[in-house]
Amino acid sequence: MTENNAQKLIEKYVKPIYGFCLKRCKTPEDAEDLAQDIALKAYRTLIHRDDIDDSDKFIWTIAHNALSNYYRDFNR
């Protein structure tokens, strides 16, 4: 995927990802950090791989995995 297309796709998901994080994180600051991490991971992967068929599923999988990591790290 081109950088321009990846950027447009991430821009489409920024608000939904932040809302997802805001509902599940302990603080709004944690939600912002997590949403930024999710967007960055998705963007970096999208520009390097061409074999992602369902970008919606791909981005939400990253979001769920990042949230799991957040919970695991928060409980340490």
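Right above here is the structure, for reference.
Quick summary incoming for the structure in this document. (Residues numbered from 1 in each chain as written. Predicted model: local features only at pLDDT ≥ 70, side-chain atom pairs only at ≥ 80, totals over all residues. Heavy atoms only, no water.)

## Notes on helix 1 (residues 3–24)
Next, step 1: The end-to-end C-alpha distance of helix 1 is 30 Å, a good match for the 32 Å that 22 residues give at a rise of 1.5 Å each.
Next, step 2: A maximum bend of about 40 degrees is found in helix 1 at Val 14, where proline Pro 16 lies one to four positions downstream.
Next, step 3: Regarding helix 1, the residues found buried are Ala 6, Leu 9, Ile 10, Tyr 13, Ile 17, Phe 20 and Cys 21. (Helix = DSSP H or I, 4+ residues; strand = E, 2+ residues; numbered from the N terminus. Expected span 1.5 Å × (residues − 1). Bend = angle between axes of the 7 residues up to and from the residue. Buried < 20%, exposed > 50% of the residue type's maximum accessible area, 1.4 Å probe, protein only.)

## A look at the packing of helix 1 against helix 3 (residues 55–74)
For any two helices packed against each other, one specifies the inter-axial angle together with the distance between the axes.
Next, step 1: Relative orientation of the contacting elements helix 1 and helix 3 amounts to 35 degrees, with a least axis distance of 11 Å. Pair helix 1 / helix 3 crosses with right-handed handedness. Contact with helix 1, carried on its side by Leu 9, Ile 10, Tyr 13, Pro 16, Ile 17, Phe 20 and Arg 24, involves Ser 55, Asp 56, Ile 59, Trp 60, Ala 63, His 64, Leu 67, Tyr 70 and Tyr 71 of helix 3 and no other residues of that element.
Next, step 2: Looking at side-chain class alone, the contact of helix 1 with helix 3 contains 12 nonpolar, two polar and two charged residues. (Axes fitted to C-alpha atoms, helices over the stretch in contact; angles between N-to-C directions. Left-handed = near helix turned anticlockwise from the far one by under 90°. Contact = heavy atoms within 4.5 Å. Nonpolar A, V, L, I, M, F, W, Y, C, P; charged D, E, K, R; others polar.)

## Details of the pattern of salt bridges
Next, step 1: For the structure shown, the criterion picks out two salt bridges.
Next, step 2: Residues Arg 72 and Asp 73 are paired through a salt bridge, measuring 3.7 Å at the closest nitrogen-oxygen approach.
Next, step 3: Here Arg 72 falls in the partly exposed class, since its relative accessible area comes to 44%. (Salt bridge = Lys/Arg side-chain N within 4 Å of Asp/Glu carboxyl O.)

## Some details on the nonpolar core
Next, step 1: One finds Ile 17, Cys 21, Leu 34, Ile 38 and Ile 59 to be the most contacted residues of the largest nonpolar core, which totals 22 residues.
Next, step 2: Elements with a contribution of two residues or more to this core: helix 1, helix 2 (28–48) and helix 3.
Next, step 3: Beyond its immediate sequence surroundings of up to four residues, Leu 34 is in contact with Cys 21, Cys 25, Ala 66, Leu 67 and Tyr 70. (Core = buried A, V, L, I, M, F, W, Y, C linked by side-chain atoms within 4.5 Å.)

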